[in-house]
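Given next are the chains, with one letter for each unit.
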Amino acid sequence: MAEGIRHKLDWGKLAPLRLRSRLVAEGVYAGGHRSARRGAGVEFGGHRAYTPGDDLRWLDRRSLLLHDRLLVRQFETETDRALRLIVDRTASMGYRGSQAEGAKLAWSALVAAALGRIAIENGDPVGLTLVGGQDGTRNLPVAGGRESFERLIATLESLEATGDALADARMLDRALGGIARSARRGSVIVFLSDLLDLPEGSMELVAGLASRGRVLVVVQTLDPDEATLPFEGTVRLRSLEGGTVVETDVETTREQYLTALRELSDRWERTLLARGGRFVRALTRDDPVRVVRSIVEAAH
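Only a predicted model underlies this, so the values are computations on that prediction, with no experimental measurement involved.

Chemist: Can you help me understand the nonpolar core in this one?
Modeler: By size, the foremost hydrophobic cluster in this structure holds 50 residues, and its most contacted members are L85, L115, L156, V190 and V292. Among the elements that take part in this core, helix α3 (residues 104–121) stands out by supplying 13 residues, more than any other. In this structure V292 touches V24, V28, V111, A114, L115 and I118, once residues within four positions along its chain are discounted. In this structure, I86, L196, F279 and L283 belong to the second largest nonpolar core, which totals 28 residues.

Chemist: Mind showing me how you'd approach the pairing of strand β7 (residues 215–222) here?
Modeler: Judged by how many residues are buried, β7 sits mostly within the fold: 8 of 8 residues are covered. Because side chains alternate across β7, one face comprises the buried residues V215, V217, V219 and T221, and the other comprises L216, V218, Q220 and L222, equally buried. Two elements, strand β6 (residues 188–193) and β7, share 6 bridges in a ladder whose sense is parallel. Considered in β7, the bridge of V188 is made with V215. A crossover connection joins β6 to the parallel β7 through helix α6 (residues 202–207); in handedness this β-α-β unit is right-handed. Looking at chain direction, β7 and strand β10 (residues 278–283) are connected through 6 bridges and run parallel. Looking at the pairing, V217 lines up with R278 of β10.

Thresholds applied
Residues numbered from 1 in each chain as written. Predicted model: local features only at pLDDT ≥ 70, side-chain atom pairs only at ≥ 80, totals over all residues. Heavy atoms only, no water. Core = buried A, V, L, I, M, F, W, Y, C linked by side-chain atoms within 4.5 Å. Buried < 20%, exposed > 50% of the residue type's maximum accessible area, 1.4 Å probe, protein only. Helix = DSSP H or I, 4+ residues; strand = E, 2+ residues; numbered from the N terminus. Contact = heavy atoms within 4.5 Å. Pairing = 2+ DSSP bridges. Right-handed = clockwise from strand over helix to strand, strands pointing away.

As structure tokens, then:
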């Protein structure tokens, strides 16, 4: 989109982050939680599709006989676990349309901060990984306690939406590589992104984080303008990553655009579900309490 982007992050009505994240967290969640760590635990936790490399001891043979489908049984145990937050801060995340309370990155920062507060209050450590950016802001290692929340808030408040994932095809790979190697069984990984303008292969790369007993939740965060294309007449649209500029009549292209967007989201959801991940769709005008609650529920 050509309008609504600026260098400095447009927080709109979403600041101050510390206060807003506390209010969202209090509206979502209180008390203990069950871990989503999978393995030979004590409580049955449902099924998922078999993927090569799964332990064959947990194949559900009854399902294979009845439905001709390979499913794997999952189990849950009560335990602490690390929360790994991944926030897309590339240029497209700086967009804010007329219907949104803030830019996509600002809204994602609020959700990430609320999730971090919930985790830390429950004794779980939190880490932050950033995708994109050109200002040298560093990722935060996994840590617990009050100081780690303060560092999370300070880092999120300092973010700007910069970087082009299409121009730098290895940007996502570099960001996720450390998590893929270090996140242990039972970790909860939440990826906040618009999923737009990402290089080919990104779906499989992100979905791979759900392997080795980790819980992955991908939150597609779109501005309402992107979800509905409400403009009229002839407009000039500029991709915030990749540099593509298109001049078009909205009435003749809206349905084609919406179909392509829906198909993209559906492919992400299918790819994630096939690997045992979860997919949450969100707009930046949505109630953050409801969205954070959906993420918490998906992680269980």
